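# A structural walkthrough
The lines below spell out each chain.
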Amino acid sequence: MHWGTLRDTVQEKQLFQTRAFVAILGVVVITLSLLGRFYYLQVIAHETYTTLSDRNRVQVQPVSPTRGLIYDRNGVLLAENRPVFSLTILPERVEDMEALLADVQKIVDVREADIENFRQRLNERRRPFEAVALRYHLTEDEMARLAVNRHRLPGVETDARLVRYYPYGKLTSHVLGYVGRINKQDMQRLDPVRYAGTHYTGKTGLERVYEDELHGDVGYQNVETNARGRVMRVLEREDPEPGRDLTINLDIRLQHIAQQAMGDKRGAIVAINPETGGILAQLSTPGFDTNKFVTGIDHESYANLRDSLDTPLFNRATRGQYPPGSTVKPFLALAGLDSDTVTKSRVVHDPGYYQLPNSSQVFRNWKRGGHGDTTLSDAITLSSDTYFYDMAHNMGVTMMADYLRGFGFGSATSLDVRDERSGILPTPEWKRRVQGEVWYPGDSVNMGIGQGYFLSTPMQLAAATSVIASRGDRLAPRHLRSVDGGLPAHHLLPDVVRPPLELGRESDWEYVINAMVDVVHSSEGTARGINRGLEYKMAGKTGTSQVFSLDGGEYDEDELKERMKDHGLFIAFAPAGDPKIAVSVLVENGGSGSSSAAPVARQIMDAWINGFPEVMTEQAIPGAMQESELPDE
Amino acid sequence: MSKEFVRQMALDPDHFERRRSLMGRMHLDPWLLLLLLGVMGFGLVVLFSASENSVAAVEAQLVRMGVAFVVMLFFAQLDPLLYRRWSPLLYLAGTLALLAVMFFGVQSGGAQRWLDIPGVTRFQPSELMKVGVPLMTAWYLSRQHLPPRAMAILGTVVLIAVPSALIANQPDLGTSLLVAASGLFVLFLAGLSWKLITAMVMLAGLSAPAIWLYVMRDYQKERILTLLNPGSDPLGAGWNITQSKTAIGSGGMHGKGWGESTQASLDFLPESHTDFIVAVLAEEFGFIGVTILLTLYALIVIRGLFIASAAQSSFSRLLAGGITLTFFIYVLVNVSMVSGLMPVVGVPLPLVSFGGTSIVTLMLGFGILMAIHTHRRMLES
């Protein structure tokens, strides 16, 4: 070893070994320090990091309950939940939203309105990692195209969600109302825990009234998510409690016949079973397709509905307030008899007008020349205004109002109709308060024929008619029939008990009802036009309410003559001896009640009393839309 | 146990040699081989779950290990004299290659680290210098009287500084420091006086502010700041540290069990099968698993240092010691980084992390170690 000979190799080796020993010591100390670090992390601080780890991966997710279904009285499904495939975007995973939207538009049909809605939803409050819907009702084709392209569309997911669907659309719009996406106002009202997983809530109609029952209770699941928020597996689950299924008194067939009878006329129909108060039909025309509202209607369509002169969004049956006109006469007749203001034998001469004592003001009868000598019965059958002018003057406003209140006028009558309006039952106090004027005797006279300040809703008229039909039973109108397929539903309805309306003489009922039967069946009756081939006894009363009255303001801005025509009204029940149905019909600008409203009522009565046409099965009712007609919203 | 084991090895380093077994004839050190295989085997087990049960990843890693093993086997056959002879040339070639990188290198990820030899290959000269610097410093110092005098020390420092500076310039501060460390270990083992060591440490400490201000780049500063306060940006730069600490800590004493790492399988832990694989090991096998791994590493280092101590020439001793301590510094840096003791630098866990270059370089080093241990002149004893 020539290169080492001059050096002290032994000393060098010893020096190295000392250094190696120091190095080993260093390695051991450092290794122990590292182990100390791991001991700290894994043993001493273990709890902390376990918590962090669990918080990382485990998330509690609410599971929304399935909304309860709504059936009609025969078990026909009126509101159901359909799986809808929608395209959703998880904003947290999207880097360039504009570019992504442009890409998506190349693959599926996304309209500007969809994007507008999407942006709106994007700005609303939502939970982190909650997908936002861009388009609903994807076709199978679109699903397939999305599946193929999904890898290059980060954040885009397809999602099957149960979405409310109303098979009869327009036909049930004002009864069921609709559900819609929960918005800011809804959030203030709804329990955030119970609605943690819910996207929709009832906005109007029965969907709103029975929101509590229909919604059900939220469930929970603990899910393991990865760092990108995707659910990997469900660790634990507490199932939600589905909403309760409701059965309502409505008969969709009757509703359909009411719609057909109404045609394209504007108006309202309410049909009640006097024995139970159950609402058999409740229609306001024109209606609107509630399905469009479920997933969010676009601005243009909404503006069209909102600004339409026909006001399809307006529920005329429960919110339309009209002067009842002559339909109020049977109720006032009962009031006059019971208060002994008039007697059955009293005869009033009707020259075609009425004048208050010491006044030059003339109140005209609808029939020029008048009806001559009329009894109360004649006055109902012929609809003599003069008789009722006289009676109203004699009875006075207070007593009139008291009796009319007994029939349900002046307050909301039904148990589960949302936002039913109360109409106006005017009194001197009311006039002073609202109009700032004193009550003139002429006001009472006008009230005697259902004009002037007196306003009522078609719902109130039907309810009041039902009181006469049942000879005094005051069963509040109601939609709800049973829950969960047959269980009684009384506990869900407001506990309103109205004692029967009792008259001093029971015979007064029959007297007035007979006069109403004559309205339809007698050759003199104002509704005689509808009695051809009538096999059962129908009691009715026609009415015409002037558009140029207090209520007229809603329409008379329109310059069209058509919209200045009087509203036609008709109330009726049948069979007169043992009533099964009480109806009120309003035809806006229909002219006289006898020509516009009464024929509509006849068709409804015929169907209910004589039976529905054989062919009228569920499918035969148009409005039960087929899949292809699904709104593209 | 280790004391007994160590003593046995120290007293009788040729314990296995006597039998002239298969191991001896293949120029392999059975102790070292056993420990290396132990670490690699453990690594494969962890890799399987860290790569989300990817058989493909394990197979790819097995192939690399096979290649690395062949490399080790090859270098174990060479006589240490050969290494000695070729050291200066290798160092020179490496330094020239680093210079070439500076001028003709290929840009990748904001740094210029690769040298492209058209039609032949593409490699990182800095990787070569991980072996080149210990070889050269060992060669240089073995020619001096030891402990080294001032001139020798200065010469060594220059030999270390030139390639380190070139690598730092790429920029690749992590590798630069590791290359410098490999040279400094050789200097330390050569007997650098404690006074000087103290002085150098103090100098390093004093120059830290200057390094911070003038040498370090923004992203490097950010990494250090993140280490000090990972909560400052929990979803950004601090994410890696927070998630790996969470993985380690949630493993506890016994671990969650093989394949039960939620941090890795749910993608919370980044780089879970490469640089951060020890976090997965800690999560699944707990403190016990970590202790086993670190003990295996420590034993490899101790065995390496005994091989060095038992070597016959000064060159062999310095080279073997340098290679061994460099191996340890890799372990230290990676494990400290993952457990949140050091800033995040891209150093894989030796022999365990998924990836090829590092394993091959390391096994090459162990091949040299085995060559030193098994090629003995019959002069002594």
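Residues numbered from 1 in each chain as written. Chains lettered and ligands numbered in written order. Predicted model: local features only at pLDDT ≥ 70, side-chain atom pairs only at ≥ 80, totals over all residues.

Along the backbone of chain B there are 15 helices and 3 strands. The buried share of chain B, taken over its 381 residues, is 48%. The long-range fraction of contacts in chain B, counting pairs at least 24 apart against all pairs at least 6 apart in sequence, stands at 71%. (Helix = DSSP H or I, 4+ residues; strand = E, 2+ residues; numbered from the N terminus. Buried ≥ 20, exposed ≤ 12 C-beta atoms within 10 Å, placed from the backbone. Contact = placed C-beta atoms within 7 Å.)

A few words now on the sheet that holds strand S9 (residues 231-238) of chain A. Residues and elements named next belong to chain A. Taken together, 3 strands build an open sheet; the order of strands is S1-S8-S9 and the sheet is antiparallel. Of all the strands in the sheet, just strand S1 (58-63) and S9 have a single pairing partner and so form its edges. This sheet shows a mean twist of 30° between the axes of neighbouring strands, independent of strand direction. Strand direction decides the pairing type here: strand S8 (residues 219-225) and S9, joined by 6 bridges, are antiparallel. Bridged to glutamate 224 within S9 is arginine 233. (Pairing = 2+ DSSP bridges. Axes fitted to C-alpha atoms, helices over the stretch in contact; angles between N-to-C directions.)

Residues and elements named next belong to chain B. Two numbers describe how helix H11 (residues 239-251) lies on helix H13 (residues 277-310): the axes approach to 6 Å, and their chain directions differ by 20°. It follows from the interaxial angle that H11 and H13 lie roughly parallel. Here H11 and H13 pass one another in a crossing that is left-handed. Residues Ser244, Ala247, Ile248, Ser250 and Gly251 of H11 touch H13, and the partners they reach there are Ala279, Val280, Ala282, Glu283, Glu284 and Gly286. (Parallel < 35°, antiparallel > 145°, perpendicular 65-115°, else oblique. Left-handed = near helix turned anticlockwise from the far one by under 90°.)

A few words now on the pairing of strand S20 (residues 567-574) of chain A. Residue and element names in this part refer to chain A. In terms of residue burial, S20 counts as a mostly covered element, since 8 of its 8 residues are buried. In S20, alternate side chains face the same way, and those of His567, Leu569, Ile571 and Phe573 on one face and Gly568, Phe570, Ala572 and Ala574 on the other are all buried. When strand S19 (residues 539-545) meets S20, the two strands line up antiparallel, connected through 7 bridges. Looking across to S20, one finds that lysine 541 is bridged to isoleucine 571. Sheet topology places S20 next to strand S21 (residues 581-587); 7 bridges connect them, and they run antiparallel. Each residue of the ladder has a partner; that of leucine 569, found in S21, is leucine 586. Where S20 folds back onto S21 in an antiparallel hairpin, the turn is made up of 6 residues.

All names here are of chain A. The strand order S12-S11-S21-S20-S19 describes an open sheet built from 5 strands, whose pairing is antiparallel. Among the strands making up the open sheet, the edge pair consists of strand S12 (279-285) and S19. Across the sheet, the mean angle separating the axes of adjacent strands is 5° when strand polarity is ignored. When strand S11 (residues 267-272) meets S12, the two strands line up antiparallel, connected through 6 bridges. Considered in S12, the bridge of glycine 267 is made with threonine 285. In this fold helix H10 (residues 252-262) packs onto S11 and S12, with an angle of close to 35° to the strand it touches most, S12. Strands S11, S12, S19, S20 and S21 of the sheet are contacted by helix H22 (residues 593-610), whose axis makes an angle of about 30° with S20.

With that settled, consider the packing of helix H5 (residues 80-104) of chain B against helix H7 (residues 150-168) of chain B. Residues and elements named next belong to chain B. At a minimum axis separation of 10 Å, H5 and H7 run at an interaxial angle of 25°. Comparing their axes, H7 and H5 come out roughly parallel. With respect to the hand of their crossing, H5 and H7 are arranged in left-handed fashion. Residues Gly94, Thr95, Leu98, Leu99 and Met102 of H5 lie in contact with H7, whose contacting residues are Val162, Pro163, Leu166 and Ile167.

Moving on to the confidence of the model for chain B. Confidence in the prediction of chain B, expressed as mean pLDDT, is 85, and 90% of residues score 70 or more. Element-level pLDDT for chain B is lowest in helix H1 (residues 2-11) of chain B, with a mean of 52, against a maximum mean of 95 in H13(B). (pLDDT = per-residue confidence, 0-100.)

Listed per partner, the contact involves 40 residues of chain B and 35 residues of chain A. Residue assignment for the side of chain B that touches chain A shows that the elements contributing at least two residues are helix H8 (173-189), H11, helix H12 (262-265), H13 and helix H14 (314-338) of chain B. No other element matches the 12 residues that H13(B) contributes to the side of chain B that touches chain A. Looking at the side of chain B that touches chain A residue by residue, the class counts come to 22 nonpolar, 15 polar and 3 charged. (Nonpolar A, V, L, I, M, F, W, Y, C, P; charged D, E, K, R; others polar.)

Residue and element names in this part refer to chain A. Of note, the amide linkage connecting threonine 285 to proline 286 takes the cis form, showing an omega dihedral of -5°. With respect to the helices, strands and loops of the structure, proline 286 is situated in the loop between S12 and helix H11 (291-294). With phi around 60°, aspartate 340 is a residue other than glycine that occupies positive phi space. With respect to the element layout, aspartate 340 can be found in the loop between helix H14 (329-338) and strand S13 (348-350). The backbone phi angle of asparagine 589 is positive, close to 55°, even though this residue is not glycine. Its place among the elements puts asparagine 589 in the loop between S21 and H22.

Turning to the confidence of the model for chain A, a few remarks are in order. Residue and element names in this part refer to chain A. Residues with a pLDDT of 70 or more make up 92% of chain A, whose mean pLDDT is 87. When the criterion is pLDDT under 50, residues 549-557 qualifies, and its contacts beyond four places in sequence or with other chains add up to 13 contacts. Contacts from residues 624-633, a stretch scored under 50 in pLDDT, to residues over four places away or in other chains number 17 contacts.

With that settled, the discussion passes to helix H21 (residues 507-521) of chain A. Residues and elements named next belong to chain A. The end-to-end C-alpha separation of H21 is 20 Å, in line with the 21 Å expected for 15 residues at 1.5 Å each. Residues Val512, Ile513, Ala515, Met516, Val517, Asp518, Val519, Val520 and His521 constitute the buried set of H21. Residues of H21 that are buried make contact with H14, helix H15 (376-381), helix H20 (458-469) and S19. (Expected span 1.5 Å × (residues − 1).)

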